Amino acid sequence: MSFFTDAPRNRPLFPVPEQELFGYNGRPWVEPPHEYIVPAILPWSMPLGRAERTIVALRGIEVWPESVSFQLSVYSRDLLLDEPGEGLIDHRRVPDYNALLVGVLFPDGRRASSETISVPSATKPDQPVLRAQGLGGSAFHVDHEIFLWPLPPDGPLELIVQWLDRDIEETRTSLDGTAIRDAAKEAGEIWPGLPAREAHGLPVRRVGAQAMITPAWPRESQAPPPLPQPSASRPPSPPAEAATQPRRGAPLPTRLPRRAR
């Protein structure tokens, strides 16, 4: 007897359009390659900052071939957030210097932090990239992912937190950058040889939530096509102003008149 039910299942009424995963875009500084790589795991767990009623802790590290993700959690005896999914730190928001701040200091002096808004770059940056986002949790416990590119060089990597509103002064924790680099060699590729996304060179415009590809935008210098002229057998149309005004006692129109194309 099978553990799972082997009876035929009804197909969904509105099936989701079939899609396929394209090859990796080759921009490791943008985000962790979750869809393409199984990361190496460093089970490092330790407090990064502590106050009487709040703890900021590291729960583990995911190491990718060219980047690293720190799994950071905040625990509190007081209410943290009404909506835990928003997170306490986010690379898309202007930071509050009294709120939770996270930063890293490389052995060679390079640094990155959540002090500024981090926007994905189309070209390879010349400075380290740190991007933080919330992963959910509860009213008293919130998880975050702290993405860092590139991998740190050999030597001590300092992970720094500060949260003045919660009485956590600047606290530095030293991590082994050499061990992080060595772990990156164990990260495995999931789908080798995927085809790259084809670039047709066509401009893409968005209409609501739907993307449309058009061969070219109309030039502003191009004049619109002439309006059709009324035929001789048909009486001339009334002026536009009179046509758009309802007669006395008639119900108001429910739709605006269409513009001539």
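Described in the following lines is the structure provided in the data block.

Rules of the game
Residues numbered from 1 in each chain as written. Predicted model: local features only at pLDDT ≥ 70, side-chain atom pairs only at ≥ 80, totals over all residues. Heavy atoms only, no water. Patch = residues over 30% accessible without salt bridge, like charges linked within 9 Å, V, L, I, M, F, W, Y side chains within 5 Å. Areas by Shrake-Rupley, 256 points an atom, 1.4 Å probe, with all protein chains shown as cover. Salt bridge = Lys/Arg side-chain N within 4 Å of Asp/Glu carboxyl O. Helix = DSSP H or I, 4+ residues; strand = E, 2+ residues; numbered from the N terminus. Buried < 20%, exposed > 50% of the residue type's maximum accessible area, 1.4 Å probe, protein only. Pairing = 2+ DSSP bridges.

### Brief notes about a nonpolar patch on the surface
Point 1. Side chains of Leu21, Val38, Ile190 and Trp191 sit close together on the surface and give an oily, nonpolar patch of about 350 Å² of accessible area.
Point 2. In this fold, Trp191 is placed in the loop between β12 (188–189) and β13 (204–207).

### Details of the pairing of strand β4 (residues 54–63)
Look at any regular strand and the pattern is simple: side chains alternate between the two faces of the sheet.
Point 1. Of all the 10 residues making up β4, eight are buried; the element is thus mostly covered by neighbouring parts of the structure.
Point 2. Pairing geometry for strand β2 (residues 40–42) and β4, over three bridges, is antiparallel. Bridging across to β4, Ala40 finds its partner in Val63.
Point 3. The pairing of strand β3 (residues 46–50) with β4 spans four bridges and is classified as antiparallel. The residue of β4 that forms the bridge with Met46 is Leu58.
Point 4. Linkage of β3 to β4, two consecutive antiparallel strands, is achieved through a turn of three residues.
Point 5. Bridge count for β4 against strand β5 (residues 68–76) is nine bridges, and the pairing is antiparallel. Bridging across to β5, Gly60 finds its partner in Gln71.
Point 6. Taking the residues that link successive antiparallel strands as the turn, the β4-β5 hairpin has four residues.

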